[in-house]
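Listed below, chain by chain, are the residues.
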Amino acid sequence: MALLLLFLCTVARAASPDELMRRAGDAMAAGDLDAAVELYMQVPAPDKNGDEGQFVNARMQAARLHFALKRFERAIEAVDSLLEVYPDNIEAKSYRGAVVDAMMPEWKKLLRDTVHFVPALLKGSLMTLLLVFFTMLVSPIGGLLIALGRISGIAAASRLCWFIIWIFRGTPLLLQLFFIYYGLPAIGITLKPIPSALIGLGLNYSAYLAEIIRSGIQSIDKGQMEAAQAMGMSYRQAMRRVIIPQTYRVILPPVTNEFIALIKDTALVSTIAMVELMRTADQLFNASFNVTVLALAACVYLMFTTVFTFAFERLERRVGAYEER
Amino acid sequence: MQPLIELENVVKAFGEHRAVDNVSLSINKGEKVVIIGPSGSGKSTLLRTINCLEPMDSGAMRFAGKPAGYVKRDGKLVPDKPKNICALRTRIGMVFQQFNLFPHMSVARNVMEGPVTVLGESKPRARETAMDMLGKVGMEGFADRYPASLSGGQKQRVAIARALAMKPEMILFDEPTSALDPELVGEVFDTIKQLAVEGMTMVIVTHNMGFAREIADTVIFMENGSFLAKGTPADFFDRQCDDPRVQSFIDKIF
Ligand SMILES: Nc1ncnc2c1ncn2[C@@H]1O[C@H](COP(=O)(O)OP(=O)(O)O)[C@@H](O)[C@H]1O
Ligand SMILES: [Mg+2]
């Protein structure tokens, strides 16, 4: 057996590159991959007039066979032997990267992807946060005005506010954004993506909060308004000083819900050319087809919603404290 | 002497039902009027028309000699401008059966609220007034507590202090002790009695005949929106009443 091997080697050494390639091909066809690898590795680096393609082919083939047999180190050796001769060979370099990749443990790969993608995602999430904070600032004011209009007893105001709620609560936010960004230009109003998004989110969330605030106001005991008015307060003073402050603890839980939904709803503005967290994740994913991007984006959203949930829970406890004191 | 407040043929209806039906009443400064009568007879509604919480349908009201609360427009009676109604209300305090303290404010803030928001007083001054008024009702030690932590009687005393802080010329009490546990009724009555001694003009709706007899200058028995009988406590309680309905009501209560 040993003799036979020795014999084979001597014969092989003597063989020409073409001969080696042919025999390697035969070994492959016969299913003897080990032998094929040996033969491919014996194909020498070409001299000046030699066939460069054949050499590259042979070593790459050897590397692929090693890889297929899960012998990653030896695959690297094969590629390195090629890179030694042709350090700039692109195919070899990218293949080496792939092998190194395959050798990496899963957690290391995850770590590398995270480090790679997270900065871009965080940058995109700045826009998401801007949208969220803006809407959180504007929609309670808009919602309060709409709610006060609804219960004002002034027929025109009440109907207008009902109409606003009807429209913005009754149609998809996505459609509203499309209307503002793509539809308004038809009547001569062209808005950039950011104002479009802010207006869309602001109106939509005002409409939602309006109903929460209205029900909050109406949940306050009638005696409160009477007591305030009986001491000489005007309707406005009674609302501002007595009624509205008492609604906070009633409306805070549903408002928290809305704001959590808002964080996720901002993803919709990625459809009107806004680059925020969702859009960034989408772009990175399309460039890499790496699902980790999507998981990371989910984590960022989750982080935001978690922080908000806890912050609002604390606020809730503070606002309702007078009931226990 | 000129009456502090005069009601003339006051009518207030809810739909077809006349809750207050053609009532006339005149109250002098310092007079204590107690209104008794079965539930649903229109006592609360009458008090509420006095400070315009419930607009009357027809009739007239004069406060300190001047028409108040309502104006005639195109021959119809309509509530006066909000500004004037607010001004009238600062002169007429009201104490409710359910106290209606502001739960989100401390006791002191409850009492300060009117002077600060309505009368525009500075906070330090309003606080001083508030502490005075809380002292009057024996609640100065609770200034920084919140209403939720008080007993019913304490709440009602704070509500009285809150009304007093506006320096009103009269106070309307709508069943001030009906929501209280029996053992807490006394402290509230004592507070009201003390105001009576100081000469406050008051209209008190109550079911407590003992208290009515003790404090009233005038007792009115109301039923189905009208005054069925009116007289001194002695008229009512010390001899048999002419009207069998009034007598049977009083008998039932005692
Ligand atoms: N806001 C209202 N709407 C309709 N009916 C009312 C209203 N307030 C009181 N009433 C009716 O008016 C009548 C008198 O009520 P109220 O003045 O509260 O009586 P009392 O205080 O003597 O118990 C009752 O029949 C009551 O049902
Ligand atoms: Mg009543």
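Residues numbered from 1 in each chain as written. Chains lettered and ligands numbered in written order. Predicted model: local features only at pLDDT ≥ 70, side-chain atom pairs only at ≥ 80, totals over all residues. Heavy atoms only, no water.

K.L.:
Is there a simple way to think about the site of ligand 1 in this case?
P.N.:
Residue and element names in this part refer to chain B. The environment of ligand 1 is made up of Phe14, His17, Ala19, Pro38, Ser39, Gly40, Ser41, Gly42, Lys43, Ser44 and Thr45. Between His17 and ligand 1, the recorded distance is 3.4 Å, taken from a side-chain N or O atom to an oxygen atom. Between an oxygen atom of ligand 1 and a main-chain N or O atom of Ser41, the distance comes to 3.2 Å. Put simply, the parts of the chain that give the shell around ligand 1 at least two residues each are strand 2 (17-27) and helix 1 (43-50). A total of 3 residues in the shell around ligand 1 trace back to one element, the largest contributor, which is helix 1. Looking at the shell around ligand 1 residue by residue, the classes come out as 3 nonpolar, 7 polar and 1 charged. (Near = heavy atom within 4 Å. Polar contact = N/O pair within 3.5 Å; in protein donor to acceptor, adjacent residues only side chain to side chain. Helix = DSSP H or I, 4+ residues; strand = E, 2+ residues; numbered from the N terminus. Nonpolar A, V, L, I, M, F, W, Y, C, P; charged D, E, K, R; others polar.)

K.L.:
I keep staring at unusual backbone geometry and nothing clicks. Help me out?
P.N.:
Backbone geometry places Lys167(B), a non-glycine residue, at a positive phi of 55 degrees. Positionally, Lys167(B) belongs in the loop between helix 5 (152-164) and strand 9 (170-174).

K.L.:
Mind showing me how you'd approach the nonpolar core here?
P.N.:
Of all hydrophobic cores here, the largest spans 85 residues; its most connected members are Val269(A), Ile35(B), Met61(B), Phe63(B), Met170(B), Leu172(B) and Val203(B). If one sorts the elements of this core by residue count, helix 12 (residues 235-265) of chain A sits on top with 12 residues. Sequence-distant contacts of Val203(B), that is, excluding residues within four places in its chain, are made with Ile27(B), Val33(B), Ile35(B), Leu47(B), Met170(B), Ile171(B), Leu172(B) and Phe173(B). Formed by 51 residues, the second largest nonpolar core is a distinct cluster that contains Val137(B), Leu150(B), Phe249(B) and Ile250(B). (Core = buried A, V, L, I, M, F, W, Y, C linked by side-chain atoms within 4.5 Å. Buried < 20%, exposed > 50% of the residue type's maximum accessible area, 1.4 Å probe, protein only. Contact = heavy atoms within 4.5 Å.)

K.L.:
In this structure, what is going on with the environment of Gly231(B)? I would like to understand it.
P.N.:
Residues and elements named next belong to chain B. Mapped onto the fold, Gly231 is located in strand 12 (residues 226-231). In sequence terms Gly231 and Ala216 are 15 residues apart; their C-alpha atoms lie 9.8 Å from each other. Setting aside anything within four residues of it in sequence, one finds Gly231 in contact with Asp217, Thr218, Val219 and Phe236.

K.L.:
Looking at this structure, how should I read the sheet that holds strand 2 of chain B?
P.N.:
What links the strands of a sheet is backbone hydrogen bonding, and the strands pair in either a parallel or an antiparallel sense. Residues and elements named next belong to chain B. Taking strand neighbours across the sheet as the criterion, the 4 strands line up as 2-1-4-5 in an open arrangement whose pairing is antiparallel. Every other strand in the sheet has two partners, leaving strand 2 and strand 5 (66-67) as the edge strands with one partner each. Relative to strand 5, strand 4 (residues 58-63) runs antiparallel, the two sharing 2 bridges. Residue Phe63 lies in a different strand from strand 5, and its bridge partner there is Lys66. (Pairing = 2+ DSSP bridges.)

K.L.:
Got a minute to help me understand the layout of surface pockets in this structure?
P.N.:
Within this model, the largest pocket holds a volume of roughly 650 Å³. Lining the largest pocket are 25 residues, with Met225(A), Glu226(A), Gln229(A), Tyr235(A) and Met239(A) sitting closest to its centre. Among the elements of the structure, helix 10 (193-219), helix 11 (222-230) and helix 12 of chain A together with helix 2 (82-91) of chain B are those that each provide at least two residues to the lining of the largest pocket. The residue inventory of the lining of the largest pocket, partitioned by class, reads 15 nonpolar, 3 polar and 7 charged. Within this model, the second largest pocket holds a volume of roughly 370 Å³. Elements supplying a minimum of two residues to the lining of the second largest pocket: helix 7 (106-150), helix 10, helix 12 and helix 14 (291-319) of chain A. The element contributing the most residues to the lining of the second largest pocket is helix 12 of chain A, with 7 residues. (1 Å grid on protein atoms, 1.4 Å probe; cavity = no way out; pocket = protein on both sides within 12 Å on 5 of 7 lines; lining within 4 Å. Points joined across faces, edges and corners; volume = space filled by probe spheres on them.)

K.L.:
Whenever I open this one, the packing of helix 3 (residues 107-118) of chain B against helix 5 of chain B confuses me. Can you help?
P.N.:
Residue and element names in this part refer to chain B. Look at helix 3 against helix 5: their axes get within 7 Å of each other, and the N-to-C directions meet at 30 degrees. Taken together, the axis directions place helix 3 and helix 5 in an arrangement best described as roughly parallel. Read as a crossing pair, helix 3 and helix 5 show a hand that is right-handed. Of the residues in helix 5, those in contact with Val107, Asn110 and Val111 of helix 3 are Val158, Ala161 and Arg162. Of the residues belonging to the contact of helix 3 with helix 5, the class tally is 4 nonpolar, 1 polar and 1 charged. (Axes fitted to C-alpha atoms, helices over the stretch in contact; angles between N-to-C directions. Parallel < 35°, antiparallel > 145°, perpendicular 65-115°, else oblique. Left-handed = near helix turned anticlockwise from the far one by under 90°.)

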